[in-house]
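Working through the structure, step by step
Listed below are the residues making up each chain.
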Number of protein chains: 2
Amino acid sequence: MKKISESTVRRLSLYLRFLQEASDGGLDTISSDELAQRGGTTSAQVRKDLSFFGSFGKRGLGYSVPELLRQIQEILGLSRSWKVALVGAGKIGSALFSYRDFQLRGFHIRAVFDTDPTKVGAAWGDLTVRDDGEMDAALREQGIDMVIVAVPAEAAQGVVDRVVKAGVRAILNFAPIRLRVPSSVALRNVDMTVELEGLSFALINR
Amino acid sequence: MKKISESTVRRLSLYLRFLQEASDGGLDTISSDELAQRGGTTSAQVRKDLSFFGSFGKRGLGYSVPELLRQIQEILGLSRSWKVALVGAGKIGSALFSYRDFQLRGFHIRAVFDTDPTKVGAAWGDLTVRDDGEMDAALREQGIDMVIVAVPAEAAQGVVDRVVKAGVRAILNFAPIRLRVPSSVALRNVDMTVELEGLSFALINR
DNA sequence: AACAGCTTGTGAAAACATTCACAAAATAAA
DNA sequence: TTTATTTTGTGAATGTTTTCACAAGCTGTT
Ligand SMILES: NC(=O)c1ccc[n+]([C@@H]2O[C@H](COP(=O)([O-])OP(=O)(O)OC[C@H]3O[C@@H](n4cnc5c(N)ncnc54)[C@H](O)[C@@H]3O)[C@@H](O)[C@H]2O)c1
Ligand SMILES: NC(=O)c1ccc[n+]([C@@H]2O[C@H](COP(=O)([O-])OP(=O)(O)OC[C@H]3O[C@@H](n4cnc5c(N)ncnc54)[C@H](O)[C@@H]3O)[C@@H](O)[C@H]2O)c1
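Residues numbered from 1 in each chain as written. Chains lettered and ligands numbered in written order. Predicted model: local features only at pLDDT ≥ 70, side-chain atom pairs only at ≥ 80, totals over all residues. Heavy atoms only, no water.

Structural notes on the packing of aromatic side chains
Our working definition: The rule is short: rings of Phe, Tyr and Trp, with Trp giving its six-membered ring, pair when the centres are within 6.5 Å, and they are stacked under 30 degrees, edge-to-face over 60, tilted in between. Segments assigned H or I by DSSP are reported as helices when at least four residues long, segments assigned E as strands when at least two residues long, and all are numbered from the N terminus. Burial here depends on accessible area, computed with a 1.4 Å probe over protein chains only, as a share of the maximum for the residue type. Under 20% is buried, over 50% is exposed, and the range in between is partly exposed. Charges are assigned to positions over rings by a cutoff of 6 Å between ring centre and Lys NZ or Arg CZ, combined with an angular limit of 35 degrees from the ring normal.
Within the structure shown, the criterion is met by 6 aromatic pairs over all chains. Both rings, one in Phe53(A) and one in Phe201(B), keep their centres 6.3 Å apart while their planes meet at 90 degrees; by these two values the pair is edge-to-face. Placement of the pair is Phe53(A) in the loop between helix H3 (43-51) and strand E2 (57-58) and Phe201(B) in helix H9 (residues 192-204), with the two residues belonging to separate chains. With respect to class, Phe53(A) is no different from Phe201(B); both count as buried. For the pair Tyr99(A) and Phe102(A), a centre-to-centre distance of 4.9 Å together with 85 degrees between the ring planes defines the contact as edge-to-face. Taking relative accessible area as the criterion, Phe102(A) reaches 3% and is therefore assigned buried. In this arrangement the basic side chain of Arg80(A) is found over the ring face of Trp82(A), its NZ or CZ atom lying 3.8 Å from the centre.

Given below as structure tokens:
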């Protein structure tokens, strides 16, 4: 299969979101142009993005909202549910844990780990925060698909090495550090400092 | 001035971080190749990125760590301090508020707003959570440079319209929605669902 | 059945970003 | 001083992504 760019995948996520809104609004067809306007892109871009995966539209008409919704969910792997573990039960960890949108889209947090004895044992929803030492075995036993890393930067690489060794192949990292992972592991970083610095640059350059 | 790409700016942020580490480690020169390896890029890329802004290195030697540190801070606008307001004193808002890295890099949260009467009036550090109704005037009075939007998606566009009208020209958005802003306003989105969906796509495509 | 009005799907062109490759400059050693 | 070694800065080459532009296909109308 042809290599799909990261920007295409990001845009598919956005299209999916608009389709959901359109669907909630009772709309049943949508054109590439409408999709584009909502996403701040062009209709040609929308069509090109979709064309990597097939032809889902009807000329003269546009796309069937429920049909395209289903197709993009399929493409992105969202028709199944994913088992997620959260490492680091701190401030950002707890915000993420209670974030309903994740559940809603099929990302289910099934385990939470921390090293802090004052946090281990705490009840979080229907889970218990477990000791970090149990992580390696638990990831395998529970068949965890993805790990969210929300530990301090100094601890992050160590955690990730163990996570990778345990066979997990997708990681979402919140620590402000460039993690090293084998190329077989998918890694995304959420780096808020980089975003703020980008804004700073924009402010002084106009 | 030539247009600088967003990827270049992102990488500058990363270089800055490595330079800080190098500086803390007592290193006083660094080569484009060392910088590249830490950032998962190539030495040519590092040199090209820097070349948009000047020549900071010495052939045969590399870059002076403190000098390049200062230069990149200057380029990114980090030699001054920025006044930031936080809108939405919820779970993610409170995590962000207590995030020390922001302060450390010159982003100072100077005001927090919320609509919820049970939150308004609460003491957050040396600030008081203020009523959302006071926001428009306060942004101007305090000379706020940037706003962090951490309100529910439904409320985000409304908040942003007011923020823009109040003259703020940089926004960091956490709500899972595509905000519309005039092109004179810099906008960055932190969209965790998009990242998770990217991981999902990666998992089913190898 | 033919025509008018739209919108898709897609090669080709244009714009943009990364990598290559090497002359130029700096240092240190002979 | 000359030579060997290192690493920058940068045009040119290559690779990637976006935009353009239009034939092909679908619907509804006459
Ligand atoms: N708070 C924010 O808004 C924010 C924003 C952006 C990035 N981050 C980053 O996210 C990470 C967490 O930030 P936070 O504010 O939640 O910090 P925090 O101190 O509140 O939480 C970190 C948690 O990780 C736990 N921990 C430490 N080592 C561990 C290990 N080896 N295994 C498991 N758990 C371990 C700690 O006990 C603590 O509970 C940091 O890297 C931070 O830079 C935070
Ligand atoms: N919690 C997370 O981990 C997380 C992760 C990613 C994105 N987000 C997004 O961040 C936003 C906030 O999420 P949260 O979990 O903190 O929700 P939350 O409900 O805890 O907080 C939202 C806060 O915004 C306030 N608010 C509502 N309308 C407002 C207005 N017009 N002006 C000012 N304040 C207003 C509410 O009173 C509440 O205190 C949401 O858009 C959410 O989708 C949250």
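So, the interface of chain A and chain B
Convention followed: The contact rule is simple, with two residues in contact once any of their heavy atoms fall within 4.5 Å. Buried surface area refers to the total accessible area, computed with a probe of radius 1.4 Å, that the two partners give up upon joining, counted for both partners together. Basic side-chain nitrogens of Lys or Arg form a salt bridge, by our definition, when they fall within 4 Å of a carboxyl oxygen of Asp or Glu.
Chain A puts 61 residues into the contact, and the matching count from chain B is 61 residues. A buried area of about 5600 Å², summed over both sides, lies between chain A and chain B, and 66% of it is on carbon and sulfur atoms. Looking only at chain A, the three residues that lose the most surface to chain B are Leu196(A), Glu197(A) and Leu203(A), adding up to 12% of its buried area. Joining chain A to chain B, the criterion identifies 8 salt bridges. A salt bridge links Arg188(A) to Glu195(B), with the nearest nitrogen and oxygen atoms 3.0 Å apart.

Considering the site of ligand 2
Rules: Near residues are defined by distance, with any heavy atom within 4 Å of the molecule or strand qualifying the residue. Within 3.5 Å is the distance limit for a polar contact, defined as a pair of N or O atoms, with the added protein rule that one can donate a hydrogen and the other accept it, and that residues adjacent in sequence qualify only through two side-chain atoms. Only the protein chains shown count as cover for residues, and the accessible areas themselves come from Shrake-Rupley with a 1.4 Å probe. Under the scheme applied here, ten amino acids are nonpolar (Ala, Val, Leu, Ile, Met, Phe, Trp, Tyr, Cys and Pro), four are charged (Asp, Glu, Lys and Arg), and all others, including Gly, are polar.
Taken together, 24 residues surround ligand 2, and among them Tyr99(A), Ile92(B), Asp114(B), Lys119(B) and Val151(B) come closest. At 3.4 Å from an oxygen atom of ligand 2 is found a main-chain nitrogen or oxygen belonging to Leu96(A). A distance of 3.0 Å separates an oxygen atom of ligand 2 from a polar backbone atom of Lys91(B). A total of 820 Å² of accessible area belongs to ligand 2 in isolation, and the protein chains cover 85% of it. Looking at which element gives the most residues to the shell around ligand 2, the answer is helix H8 (residues 153-165) of chain B, with 3 residues. Each residue belonging to the shell around ligand 2 can be placed in one class, and the counts come to 16 nonpolar, 3 polar and 5 charged.

Geometry only, nothing functional implied.
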